[in-house]
Amino acid sequence: MGFGINKLSRLIKIFKCGTLPSNLGYLRYRFSKNKSITLTKKGNEKWAYISYIPEALVREDDEYLNSHQNKRETKIIAQRFLDNGYNVVMQDYLINSEIPDHSYDIIFGLEPNFTKCSLRNPKAKKVYYGTGAYFKYANAAVIQRTEEFNAKHNMAVAPRRLAPEDDCIEICDQILQIGSKNTIATYPEHIQTKITLINQSSNFFSDDKQRVKRNRHKYLWLGSAGSILKGADLVIETFLKHPELEIDIVGPIEPEVMDAYKDGLAKAKNIRFHGYVDVNSETFLNITKDTAFLLFPSVTEGGAPGSVIVAMKLGIIPIVSQVASPDIIDELGYCLNDVSIDSLENAIEWSQKLDNKEFELRQFKNKRYSNKFTLKNFSDEFDAFLTQC
């Protein structure tokens with residue numbers, strides 16, 4: 001690991017937030033070849049292999065932990081295994097390296113290392129951790145959405161964020177799946193009986209949820225990498241046609257998207273780009289203090305993603321695609337018929353015609369419903385699942 005100025009500055013930030021044990025653990029992890037961390041507990045005799053995000057176990061800085069809810073969930077997962085009698089080996093799920101040698105009793109996590117370890121330990125219990133839609137469904141949706149973008153704008157963007165082709169769902173005994181009934185429906189029928197759902201947590205912890213009066217003309221798109229598959233281009237195109245409405249785009253936008261709409265955006269005053277913003281920051285709370293609606297026309301998700309949950313916790317009414325919707329979307333917001341400009345136009349018309357009583361009721365329902373997406377609930381549900389494994 002080379003130490004340029006930027007890397008050294010980042011390391012100093014990490015160390016300032018960490019404890020001595022976590023900082024030493026981070027250094028050991030960064031210099032390790034197989035990117036794994038071993039945790040043991042006195043009296044534990046069983047061994048668990050977890051293919052996930054071991055770096056999260058040795059990071060304490062909020063900038064990293066707030067970047068995605070899965071970072072703090074990783075800490076919970078490791079602790080719950082320790083509490084249930086397992087010593088833990090957690091390895092980066094993507095690293096192309098040797099699997100640490102143990103006789104494992106249970107294998108948990110994501111492909112490809114989940115599959116690699118499973119094949120080497122045929123007698124172990126195998127629990128695949130589903131964090132998105134079924135990979136064949138997801139990849140087909142991403143490819144189709146990218147082809148539509150390319151055809152419209154005469155570009156040649158390669159599909160991004162494709163899931164690896166892997167037979168992990170066939171070889172596993174059980175699937176612990178983040179998501180909803182819509183997520184289960186993306187899997188083959190013969191696999192669906194293996195699935196147990198778990199509610200994810202949220203990386204939104206701010207207590208500043210008292211918002212000012214909502215601006216019925218103000219919308220939000222909030223997302224991470226993969227703005228084409230998450231429909232940011234369609235949202236931009238729609239709002240270029242609606243100068244009477246305004247939208248804040250929070251999250252990274254692919255350069256090809258910006259290039260496709262550069263002429264319109266040069267004149268538009270109703271579309272604001274913010275890039276990545278920590279949802280717990282004062283900046284984000286100021287952006288969303290009077291936002292009324294979230295638009296999130298993604299073609300593949302594992303149920304309502306973190307961005308939708310953050311919006312619901314703020315009482316922002318979600319307008320989302322089916323795969324990105326909570327199970328009771330009809331009570332909370334609006335489910336798009338498909339991912340298209342026409343569907344977004346219909347959704348905007350619906351949002352502008354929503355009467356005041358229903359508008360306020362849905363804000364309240366979103367706040368109430370989103371209370372279940374917490375680290376404590378995730379921990380309790382994960383523990384209950386492990387107990388019956």
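Up top is the structure.
These lines cover the structure that appears in this document, whether it is placed above or below.

Cut-offs used in this document
- Residues numbered from 1 in each chain as written.
- Predicted model: local features only at pLDDT ≥ 70, side-chain atom pairs only at ≥ 80, totals over all residues.
- Heavy atoms only, no water.
- Phe/Tyr/Trp six-rings, centres within 6.5 Å; stacked < 30°, edge-to-face > 60°.
- Lys NZ or Arg CZ within 6 Å of the ring centre and 35° of its normal.
- Axes fitted to C-alpha atoms, helices over the stretch in contact; angles between N-to-C directions.
- Helix = DSSP H or I, 4+ residues; strand = E, 2+ residues; numbered from the N terminus.
- Parallel < 35°, antiparallel > 145°, perpendicular 65-115°, else oblique.
- Left-handed = near helix turned anticlockwise from the far one by under 90°.
- Contact = heavy atoms within 4.5 Å.
- Nonpolar A, V, L, I, M, F, W, Y, C, P; charged D, E, K, R; others polar.
- Buried < 20%, exposed > 50% of the residue type's maximum accessible area, 1.4 Å probe, protein only.
- Lys, Arg positive; Asp, Glu negative; His and termini not counted.
- Salt bridge = Lys/Arg side-chain N within 4 Å of Asp/Glu carboxyl O.
- Pairing = 2+ DSSP bridges.

In this section: the packing of aromatic side chains. Summed over the entire model, instances satisfying the criterion amount to 17 aromatic pairs. Among the aromatic residues, those joined into a cluster by ring pairs are Y52, F81, Y86, F108, Y129, F378 and F382. The cationic tip of K46 hangs over the ring face of Y86; the distance from NZ or CZ to the ring centre is 4.2 Å.

It is the contact of helix α10 (residues 232–240) with helix α16 (residues 341–353), at a shortest axis distance of 10 Å, that shows an interaxial angle of 60 degrees. By the criterion of interaxial angle, the relationship of α10 to α16 is oblique. Considering only the axes of α10 and α16, their crossing is right-handed. Residues L234, V235, E237, T238 and F239 of α10 form the contact with α16, whose own contacting residues are I341, L344, E345 and I348. Split into classes, the residues belonging to the contact of α10 with α16 amount to six nonpolar, one polar and two charged.

As a further point, take the side chain of K365. Relative to the helices and strands, K365 is located in helix α17 (residues 356–369). Here K365 sits buried without a salt bridge, and the closest side chain of opposite charge, E331, lies 4.2 Å off (N-O distance). Residues in contact with K365, not counting those within four places in the same chain, are E331 and L332.

Here the focus is the sheet that holds strand β5 (residues 125–130). Taken together, the seven strands give an open sheet; going across it, the order is β1-β3-β2-β4-β5-β6-β7, and neighbouring strands pair in mixed fashion. The sheet is open, and its two borders are formed by β1 (36–39) and β7 (195–198), each paired with just one other strand. Pairs of neighbouring strands in the sheet enclose a mean axial angle of 20 degrees, with direction left out of account. Alignment of β5 against strand β6 (residues 174–178), held across four bridges, turns out to be parallel. Considered in β6, the bridge of V127 is made with Q174.

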